[in-house]
Amino acid sequence: MMTPQVQENQTETKPRIQIRGMDKYYTMGTNVVPALRGLNLEVKHGEFVAIMGPSGSGKSTFMNILGCLDKPSHGEYVLDGVSVGQMSNTELADVRNQKIGFIFQSFNLLRWMTAQANVELPLVYAGISKEERQERARRALALVNLGPRAGHRPMELSGGQQQRVAIARALVTSPSLILADEPTGNLDSHTSQEIMRIMQELNARGMTVILVTHEQDIANHCKRKVVFRDGRVVDDQINEQPLSARAQLSADTKAEQVQP
Amino acid sequence: MSISNQQNQQELPARAAPQFQPLMPPLKPEQRKRGRGGYAISQSLISAIEALRANKLRSLLTSLGIIIGVAAVIMMVATSEGNAATINGRLSTLNPNQLNIRGGSANTGGVRQGAGTQQILTQSDADDLATQIPGIAAVSPTVNVNGQVIYQNQNWSTSIQGVYPDYQQVGSWQMQEGNFFTSADEQSNASVAVLGQTVVDNLFTAQGIDPLGRQIRIGNSTFTVVGVLATKGANGATNADDTIFIPFSTAKNRLGGNQRALAITVLVSQGQNVTDVQANIQQFLQGRHDPTEFTIQNQGQLLQTVQTASESLTILLISVAAISLIVGGIGIMNIMLVSVTERTREIGIRIALGAYPRDVMAQFLIEALILSALGGIVGILLGVLGAFISSIATAQPLVLDPLAILLSFAFAAIVGIVFGFYPAQRAARMDPINALRTE
């Protein structure tokens, strides 16, 4: 069942991401190692896609190319109608800054900066005025329920809180696309639910999210599941009934209340 | 205004996503001042300072090379300029327009007696030079009759020189009181004397007597003091003030000066080429004497030799200091390379968030610049302090050259940029994927 949504939603919105015939080779000494082989994928506005697959299946390479951190060897990558596959490094920096919000497994906050300063960082590189930067960073932190913690440094925050700061940093530029690489990989299951709840709500509020995970449970929260193997898409399904992290969290809370 | 709160108010199906208001207002292109404003630069500055503060000891040790280099430049320039000031003070009694002509060494039964002892030059040589060689302001023969000077119960051994009245001009002597003797004194073998300060100090000052008009005894003759010379200052081993001038004729006829070799001192007129005049004198005297029997000494050459020596000492000291600055720069490069490696992940994050390579480059260049500039400032303070202490220790004047301070600071900053460039470039060219993977 390959890309079933494409026909269904064609009239509604143009695809946000189009990948056609993408190859990626790495050269290790004299060996050429293929990471992606003729990959095709389309993701439309407002989708919430989980990418799964065993390690070495090419999903990390794919995310790096989606995030404009790497360039494909062959093939086309169109983001918002702009072909970005073969842009220069400076142009790619602009695309990363303006169109993409990254969320990493290990949060990747700068440790000596406050949460507020970390969230402001992409705006600094965008050249946004100080007042606007501070205002937007405050808003983004409030959206992830961290308003009162704006002055804390990452070391003074829990893992879940750090990831929420990272989410605020990803959405502060109002990007077209949120790329999350194993965002819950370093978190316990309860905190993972918290993060998934925020991700679901970002998606519900109109953001396109692509998430890499190896946990079936996390993937079940997404609206579409794509499975990679050997640099190709081997499975692509709509998840008709994604799990609601919100519902699960409130169920947990009730269970805790019942226990004593 | 958390997401959960808002969701309670407007729980809408996800399918209708495109109709939602965006979470964050989109950034308008006119809000982006990227590449125009100094935002990234000021951010680079802040993060550079933060990174340096996080590694205080390391930053200090890194700057130490620059601190020592700058301090060394300033101290060495100050010391050598203080030295030069002292030498020039001592040499100020030398007149570059003055030529000294002396006879060769006398040879008494095979025993040579030192330069200027042979009786070659004559008084008429001096008189003829004055009339026949152009470009000469004044000429005086000089004859030295050392002897004991006595005033009442005081006595003093000094150099007694018989000279023409023109010698006042030749030696550019100023009078403190009285007058130099006159041509009339010269023609009449007058027993008059002009005393230098050291002689006055030793014969008169202790008793509080004004020497003018007093009678002093030199050998068996009595002389009247007609003038006292203004001091020229002690000049190391030789003291220009320890002298008495008497008329040449008097020295020759009354103090046995005709038994002694005489020298000739020539003052070349202002604006004349001293070397040309010297050559003319050489040629003129060669017509009368064997050229091996006299020498002409040019005081300007002596002055130049000493100044050249002092300049080459300064250049030597500065190059040593410059080398230490370069070594300091290599220290900065070393630490910046370590810093870039340590902060690989930070660089990866910044690149992922949209930093241009030049933003990353600016950040690390600014860090290197801060290290070297701070080192430069501390080095200036230490160098000035060191120069002050060494000027007290060596009793030399404290000469601080603002140009040297400015140049050494600028050089330190340039060293920082030059040696910070390679590490900064390495940071800017980092592959973000590998950088983000680094632990």
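About the thresholds
- Residues numbered from 1 in each chain as written.
- Chains lettered and ligands numbered in written order.
- Predicted model: local features only at pLDDT ≥ 70, side-chain atom pairs only at ≥ 80, totals over all residues.
- Heavy atoms only, no water.
- Helix = DSSP H or I, 4+ residues; strand = E, 2+ residues; numbered from the N terminus.
- Buried < 20%, exposed > 50% of the residue type's maximum accessible area, 1.4 Å probe, protein only.
- Contact = heavy atoms within 4.5 Å.
- Areas by Shrake-Rupley, 256 points an atom, 1.4 Å probe, with all protein chains shown as cover.
- Rg over C-alpha atoms; globule rule 2.2 N^0.38 Å.
- Salt bridge = Lys/Arg side-chain N within 4 Å of Asp/Glu carboxyl O.
- Pairing = 2+ DSSP bridges.
- Axes fitted to C-alpha atoms, helices over the stretch in contact; angles between N-to-C directions.
- Phe/Tyr/Trp six-rings, centres within 6.5 Å; stacked < 30°, edge-to-face > 60°.
- UniProt positions renumbered as here; feature names shortened; annotations may be inferred.
- Patch = residues over 30% accessible without salt bridge, like charges linked within 9 Å, V, L, I, M, F, W, Y side chains within 5 Å.
- Core = buried A, V, L, I, M, F, W, Y, C linked by side-chain atoms within 4.5 Å.

**Here we look at the overall build of chain B**
A tally of helices and strands in chain B yields 14 helices and 15 strands. For chain B, the residues scored as buried account for 46% of the 439 residues in total. Intrachain contacts of chain B at a sequence separation of at least 6 include 77% that bridge at least 24 residues. Surface summary for chain B: the accessible area is close to 21300 Å², and the carbon and sulfur share equals 57%.

**A short note on the overall build of chain A**
Secondary structure summary: chain A contains nine helices and ten strands in total. Whereas a compact globule of 260 residues would reach a radius of gyration of roughly 18 Å, chain A reaches 19 Å, a difference of no more than 12%. Taken over the C-alpha atoms alone, chain A extends approximately 55 × 45 × 45 Å along its principal axes. Each of the 260 residues in chain A was classed as buried or not, and the buried ones make up 58%. A fraction of 70% describes how many contacts in chain A between residues 6 or more apart in sequence connect residues 24 or more apart.

**What about the pattern of salt bridges?**
Going through the model one piece at a time under the given rule, you end up with 18 salt bridges over all chains. A salt bridge links B:R343 to B:E367; the nearest nitrogen and oxygen atoms lie 2.8 Å apart. Here the residue B:R343 occupies a position in the loop between α10 (299-342) and α11 (344-352), and B:E367 occupies one in helix α12 (residues 357-393), the gap between them amounting to 24 residues. Taken individually, B:R343 and B:E367 each receive the classification buried, so the pair is uniform in this respect. Three or more residues joined by partner-sharing salt bridges are found here, namely A:K44, A:E47, A:R224 and A:D236.

**Some words on the side chain of B:E346**
Inspection of the secondary structure puts B:E346 in helix α11. On the accessibility criterion, B:E346 (5% relative accessible area) is buried. Those residues in contact with B:E346 that lie beyond four places of it in its chain are A:L110, A:W112 and B:Q363.

**Section: the sheet that holds strand β5 (residues 82-83) of chain A**
By way of backbone hydrogen bonds, the strands of a sheet pair with one another, either parallel or antiparallel. All names here are of chain A. Spatially, β2-β1-β4-β5 is the arrangement adopted by the four strands of the open sheet, whose pairing is antiparallel. Taken across any chain shown, the strands that pair with only one partner, and hence form the sheet edges, are β2 (31-44) and β5. For strand β1 (residues 15-28) and β2, the ladder comprises ten bridges, and the chain directions are antiparallel. Within β2, the position partnered with T27 by the bridge is V32. Docked against the sheet, helix α2 (residues 59-66) engages β1, β2 and β4 (74-79), running at close to 120 degrees with respect to β1.

**Considerations on the packing of aromatic side chains**
Inspection of the entire model under this criterion finds eight aromatic pairs over all chains. With a centroid separation of 5.1 Å and an interplanar angle of 45 degrees, the aromatic rings of A:F62 and A:F228 are classed as tilted. Taken together, the residues span a long stretch of sequence, with A:F62 in helix α2 and A:F228 in strand β9 (residues 224-229) at a distance of 166 residues. A:F228 carries the same exposure label as A:F62, and that label is buried. Taking the centre distance of 5.2 Å and the plane angle of 55 degrees together, the rings of B:Y167 and B:F245 count as tilted. Here B:Y167 is found in helix α5 (residues 167-170), whereas its partner B:F245 is found in strand β13 (residues 243-247), with 78 residues between them in sequence. In this structure an aromatic cluster arises from ring pairing among B:Y167, B:W173, B:F180, B:F181 and B:F245.

**Points about the UniProt feature "transmembrane region" (unreviewed entry) in chain B**
All names here are of chain B. According to UniProt, the feature "transmembrane region" (unreviewed entry) maps to residues 60-78, 313-340, 368-391 and 403-422 in the numbering used here. Along residues 60-78 the backbone is 100% helical and 0% strand, and the end-to-end C-alpha distance reaches 25 Å. The distance separating the terminal C-alpha atoms of residues 403-422 is 29 Å; by composition the span is 100% helix and 0% strand.

**Points about the UniProt feature "domain: ABC3 transporter permease C-terminal" (unreviewed entry) in chain B**
In the numbering used here, UniProt assigns the "domain: ABC3 transporter permease C-terminal" (unreviewed entry) feature to residues 319-432 of chain B. For the annotated span residues 319-432 of chain B, helix accounts for 86% and strand for 0% of the residues, and the straight-line distance between the end C-alpha atoms is 42 Å.

**Notes on the environment of B:N95**
All names here are of chain B. Tracing the backbone through its elements, the reader meets N95 in the loop between α3 (56-91) and β1 (98-103). You can call N95 buried: its relative accessible area is 17%. A C-alpha to C-alpha distance of 6.7 Å links N95 and G300, two positions 205 residues apart in sequence. Setting aside anything within four residues of it in sequence, one finds N95 in contact with V170, S172, L267, Q299 and G300.

**Details of unusual backbone geometry**
Residues and elements named next belong to chain B. Its identity is not glycine, yet S172 carries a phi of approximately 40 degrees, on the positive side. Structurally, the position occupied by S172 is in the loop between α5 and β7 (175-178). Under the relative-accessibility criterion, S172 is labelled partly exposed at 39%.

**Quick look at a nonpolar patch on the surface**
Taken together, B:V378, B:L382, B:L385, B:F388, B:I389, B:I392, B:L398 and B:L400 make up a surface patch of nonpolar side chains, about 700 Å² in accessible area. One can find B:L398 in the loop between α12 and α13 (402-428).

**Considerations on the nonpolar core**
Formed by 76 residues in total, the largest nonpolar core has its most connected members in A:I17, A:I19, A:F62, A:L66, A:Y77 and A:I210. By residue number, the principal contributor to this core is α12(B), which donates nine residues. The residues contacting A:L66, other than those within four sequence positions of it, are A:I17, A:I19, A:Y77, A:I100, A:L179 and A:I210. A:I128, A:I178, A:A245 and B:L27 belong to the second-largest nonpolar core, a separate cluster that totals 45 residues.

**A look at the UniProt feature "domain: ABC transporter" (unreviewed entry) in chain A**
Residues annotated in UniProt with the feature "domain: ABC transporter" (unreviewed entry) correspond here to residues 19-255 of chain A. End C-alpha atoms of residues 19-255 of chain A are separated by 45 Å, and the span's content is 38% helix alongside 27% strand.

**Quick notes on helix α3 (residues 89-99) of chain A**
Of all the residues in α3(A), the buried ones are A:L92, A:A93, A:V95, A:R96 and A:N97. Buried residues belonging to α3(A) abut β4, β6 (100-103) and α4 (115-126) of chain A together with α11 of chain B.

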